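# Structural description and commentary
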Amino acid sequence: MYSEKVMDHFNHPRNVGEIENASGVGTVGNAKCGDIMRMYFDIDGQGVIQDVKFKTFGCGAAVATSSMATELVKGKTVQEALKVTNQAVMEALDGLPPVKVHCSLLAEEAIHAALWDYAKKNNLVIEGLEKPVSDIAEKAEEEEY
Amino acid sequence: MGRFIYLDNAATTQTSEEVVNAMLPFFGEKYGNPSAFYSFAGEAEKAVSDARRQAAGFINAKPEEIYFTGGGSESDNWALKAAAEAYAGKGKHIITSRIEHHAILHTCEHLKKQGCEITYLDVDGDGKISLEELKAAIREDTILVSIMMANNEIGTIEEVAKIGKIAREHGVLFHTDAVQAYGNIPVDVEKMNIDMLSASGHKFHGPKGVGILYIKKGVKIRSFIHGGAQERNRRAGTLNVPGIVGFGKAVEIAEKTMEERNKRETELRDYLIKRVLEEIPYSQLNGHKTDRLPGNANFCFRFIEGESMLILLDQLGICASSGSACTSGALDPSHVLLALGLPHEIAHGSLRLTLSGETTKEDIDFVVDELKKIIERLRNMSPLYEDFLDGATA
C-alpha cells in the first residue's frame, strides 16, 4: 500500500523529538480524526531554520509525511519553508495512497502553524503566511457509498 | 519465510486441509449439477444433502430449514430485505443494534430509504444491549428484531435466548447474525427462539463464498435471488457444490472439536488479556470480560494510533487488525468502539487479536513482548503522550 520511501520514513522517522524553548511550535490535526502533528522550529536571527523536530499521533502516512516535511524545511529560510507544499512532501515520498493525501496537507499545515507561532512570538509578518487551519479534517469530505 | 503469527481469525480462518480434501473431488470428477436427473449427478446431490443435514443438526434445526448462500453478507441482506417485503402488511419497523456488522447496518440504511423505520438499540460499556430497552422499543408495527449473536470486533456475546424470547412473546420475527458465533460457540435455534440465522463458512475453517441462512419453518419470506427452483425455490442459482461440501466438513470438525478448542482458546485468550493489561500501561480491554468469543481479545492503547501499530506488527510477521479510522479509509474509528462510549482518540488506538486452535502460548508471549516495544516507540513520538506527561508533572 505504501511506497518504499514512506515505509523508510515510517520505520526510521527523521527528527523525532522536541526542542526546548523553540522559536516556533505548531500543532495541527484532531485526535478525533486520528492525526495530530506537532512541529518545533529553531530559527536563527537570519530567519534560517536551524533545527526541526516533530511528534505525530497517527497512521503510517502521518508519521512519514511529518518526517519528510521536517527534512524538507531543515536549513531553509522561513520564506523557502513556506513554499514546501503538500505536493512537494508527497512527491518526495514517491506518492501516497489517495485516502492518505490529507496527511500531507496536515504536514504542510504543521509547517505553517510553527511559522505562525514564530511570527507571533517575534511580532513579525511573514509575507504569504495565512493563519493555519488547525483542523484539516473539517475540510475533508466523506465518501458516499 | 520468517516468523508468521496469524491473529486475525475473526477476519477469516485458514481452510483446514481436511476441508480442502473433501471439496476437491467436487471440482474434478464429481462435477455433476445436483439438480440434474441422471445418476451421475446423484453423488453431488447426496453430498449437498449430507452437508445440509450437518449444518442443520449443529444448531438443532431441520435440514429443510437450511438455505445455502454465497456467504454471511448475502444471508444478512436476504433476511432483512425479504422480511421487510414479506411483512410490509404488518408494518415497517425494524429493531437492531448500533454494533451490528455493516451487512446489517447498511442494509437497514437501504431499507430506510425504502420507507422502513429503524430503531438502533444502544449497548452498554461491555457491548450488550438492554433487554428492557428492547422491550420498550417493540411497537405494533415492528416486524423484525435483528441482533447479532457475537460481535466481530469486541467479541461480546449477546443474550440471544432472552432476546429471542422477548421477540416471540411479542409476535415479532427474530433474526441473528451468527457469523462469528456459528462454528465457534454452541448455538441452538430452538432453545434460543431464533427465527432466522446467518452464518459463514470461512469463519470456522471452511471455504470462503459459502454461508447459510436458517429460516424457521413457517416464516414466510420469499426468494432473494430469482431464476430457478434450487433451495426450495428460495435461492436460485446452481449450487456451489464444492463450497457446500466444504461447509459441511468444517461443521463436522467444528462440532467434534468445539468443547476442547473453546477451553484451550479461552485460557490462552485470558492469558493474553492478563499480560497486556498488567504489562502495558494505559491499556484497556474492550468488550465483555467473560461473555465473549473464546478467541477474541480487543484492546485500546491510549496516545497511539492503530494503523501504525499494525504496520509494525506486520513487519514482525504478526497479522492483526484495528478499528482505527486509518485502517478503513474513513474519518471515524469503528462504530462498535464508539457505541461502547469510547472517545474517538482512544478508539483510534484499538487492536484486535483473534486466536485459532493453532495459536500457541509461545505466539502470545512473542506478540505481547513485541507489542510492549511497539507501543513504547509510538508513544515516544506521540504529541498526545507528551501532553499527558506534561499534564501529569505540572
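All figures in this text were calculated on a predicted structure; none of them were measured in a lab. (Residues numbered from 1 in each chain as written. Chains lettered and ligands numbered in written order. Predicted model: local features only at pLDDT ≥ 70, side-chain atom pairs only at ≥ 80, totals over all residues. Heavy atoms only, no water.)

### Notes on the layout of surface pockets
Residues and elements named next belong to chain B. Here the second largest pocket defines a volume of roughly 490 Å³. The wall of the second largest pocket is formed by 22 residues, among which Q14, H205, S356, G357 and E358 lie closest to the centre. When residues of the lining of the second largest pocket are traced back to their parent elements, those giving at least two are strand 1 (5–6), helix 1 (17–23) and helix 8 (241–279). Tallied by class, the residues present in the lining of the second largest pocket amount to eight nonpolar, nine polar and five charged. Of the domains in this structure, domain 1 (5–11 + 258–381) and domain 2 (17–254) are the two that each give at least three residues to the lining of the second largest pocket. (1 Å grid on protein atoms, 1.4 Å probe; cavity = no way out; pocket = protein on both sides within 12 Å on 5 of 7 lines; lining within 4 Å. Points joined across faces, edges and corners; volume = space filled by probe spheres on them. Helix = DSSP H or I, 4+ residues; strand = E, 2+ residues; numbered from the N terminus. Nonpolar A, V, L, I, M, F, W, Y, C, P; charged D, E, K, R; others polar. Domains from an automatic or database assignment.)

### Points about the sheet that holds strand 9 (residues 283–285) of chain B
Residue and element names in this part refer to chain B. Taken in spatial order, the three strands make up an open sheet running 9-10-12, and their pairing is antiparallel. Edge positions in the sheet fall to strand 9 and strand 12 (350–354), since each has one partner strand and no second. Neighbouring strand axes in the sheet, compared pairwise and without regard to direction, differ in orientation by 25 degrees on average. In this sheet, strand 10 (residues 296–301) lies alongside strand 9 in antiparallel orientation, the contact comprising three bridges. Following the sheet pairing, L285 is matched in strand 10 by F299. (Pairing = 2+ DSSP bridges. Axes fitted to C-alpha atoms, helices over the stretch in contact; angles between N-to-C directions.)

### Here we look at a nonpolar patch on the surface
Taken together, the side chains of Y31, F37, Y38 and F40 of chain B present a nonpolar region at the surface, about 560 Å² in accessible area. If you trace the backbone, Y31 of chain B turns up in the loop between helix 1 and helix 2 (42–57). (Patch = residues over 30% accessible without salt bridge, like charges linked within 9 Å, V, L, I, M, F, W, Y side chains within 5 Å. Areas by Shrake-Rupley, 256 points an atom, 1.4 Å probe, with all protein chains shown as cover. Salt bridge = Lys/Arg side-chain N within 4 Å of Asp/Glu carboxyl O.)

### Observations concerning the domain arrangement of chain B
It is common to give the size of an interface as the accessible area lost on bringing the parts into contact. All names here are of chain B. Once the domains are mapped, chain B shows domain 1 (5–11 + 258–381) and domain 2 (17–254). A C-alpha centroid distance of 28 Å is found between domain 1 and domain 2. Its largest share of buried area at the contact with domain 2, domain 1 owes to M258, L293 and H335, together 28% of the area lost on that side. In this assembly, domain 1 and domain 2 are joined by one salt bridge. (Buried area = accessible area lost by both parts, 1.4 Å probe.)

### Remarks on the packing of helix 3 (residues 72–86) of chain B against helix 4 (residues 102–113) of chain B
Helix packing geometry: the angle between the two helix axes and the distance between the axes. All names here are of chain B. Between helix 3 and helix 4, the least distance of the axes is 9 Å, while the angle of their chain directions is 30 degrees. The angle between helix 3 and helix 4 places the two elements in the roughly parallel class. For helix 3 against helix 4, the interelement crossing comes out right-handed. Within the contact between the two elements, helix 3 uses S73, D76, N77, L80, K81 and A84 and helix 4 uses A103, I104, T107, C108, H110 and L111. Looking at the contact of helix 3 with helix 4 residue by residue, the classes come out as six nonpolar, four polar and two charged. (Parallel < 35°, antiparallel > 145°, perpendicular 65-115°, else oblique. Left-handed = near helix turned anticlockwise from the far one by under 90°. Contact = heavy atoms within 4.5 Å.)

### Quick notes on the nonpolar core
Of all hydrophobic cores here, the largest spans 71 residues; its most connected members are F41 and L115 of chain A together with F301 of chain B. Tallying contributions element by element places helix 5 (residues 101–121) of chain A first for this core, with 10 residues. If we ignore the near neighbours within four places in the chain, the residues touching F41 of chain A are I19, A22, S23, G24, I49, D51, V52, V73, I111, A114 and L115 of chain A. Core analysis: the next-biggest nonpolar cluster, separate from the first, contains 70 residues, A51, F58, A137 and A167 of chain B among them. (Core = buried A, V, L, I, M, F, W, Y, C linked by side-chain atoms within 4.5 Å. Buried < 20%, exposed > 50% of the residue type's maximum accessible area, 1.4 Å probe, protein only.)

### Let's talk about the interface of chain A and chain B
Every contact between the two is made by 28 residues of chain A and, on the other side, 24 residues of chain B. Among the residues chain A hides against chain B, the three largest losses belong to F10, K32 and F57 of chain A. Together they make up 25% of the total. With a closest N to O distance of 2.8 Å, R38 of chain A and D387 of chain B form a salt bridge. Here chain A is connected to chain B by 13 residue pairs in polar contact (both at pLDDT 80 or more). Counting only elements with at least two residues in the side of chain A that touches chain B, the list comes to helix 1 (4–11), strand 2 (35–43), strand 3 (49–57) and helix 2 (60–73) of chain A. Its residues placed into classes, the side of chain A that touches chain B shows 18 nonpolar, five polar and five charged. (Polar contact = N/O pair within 3.5 Å; in protein donor to acceptor, adjacent residues only side chain to side chain.)

### Considering the sheet that holds strand 1 (residues 24–30) of chain A
All names here are of chain A. The sheet built from three strands is open, its strands ordered 1-2-3 with antiparallel pairing. The sheet is open, and its two borders are formed by strand 1 and strand 3, each paired with just one other strand. Averaged over neighbouring strand pairs, the angle between their axes works out to 15 degrees when direction is ignored. Bridge count between strand 2 and strand 3: eight bridges; the pairing is antiparallel. Bridged to M37 within strand 3 is T56. Relative to the sheet, helix 2 contacts strand 2 and strand 3, its axis offset from that of strand 3 by approximately 175 degrees.

### So, the packing of helix 9 (residues 306–315) of chain B against helix 12 (residues 361–380) of chain B
All names here are of chain B. Between helix 9 and helix 12, whose axes approach to 10 Å, the crossing angle comes to 135 degrees. For the element pair helix 9 / helix 12, the angle class is oblique. For helix 9 against helix 12, the interelement crossing comes out right-handed. Listed contacts from helix 12 to S308, M309, L312 and L313 of helix 9 are L371, I374, I375, R377 and L378. Class assignment for the residues of the contact of helix 9 with helix 12 results in seven nonpolar, one polar and one charged.

### Side note on the side chain of K203 of chain B
All names here are of chain B. Within the secondary structure, K203 is located in the loop between strand 7 (196–200) and strand 8 (211–215). For the buried residue K203, which engages in no salt bridge, the nearest side chain bearing the opposite charge is D8, 8.2 Å off. Look past the residues within four positions of K203 in its chain and what remains in contact with it is N9, A10, A11, T13, V179, Q180 and N184. (Lys, Arg positive; Asp, Glu negative; His and termini not counted.)

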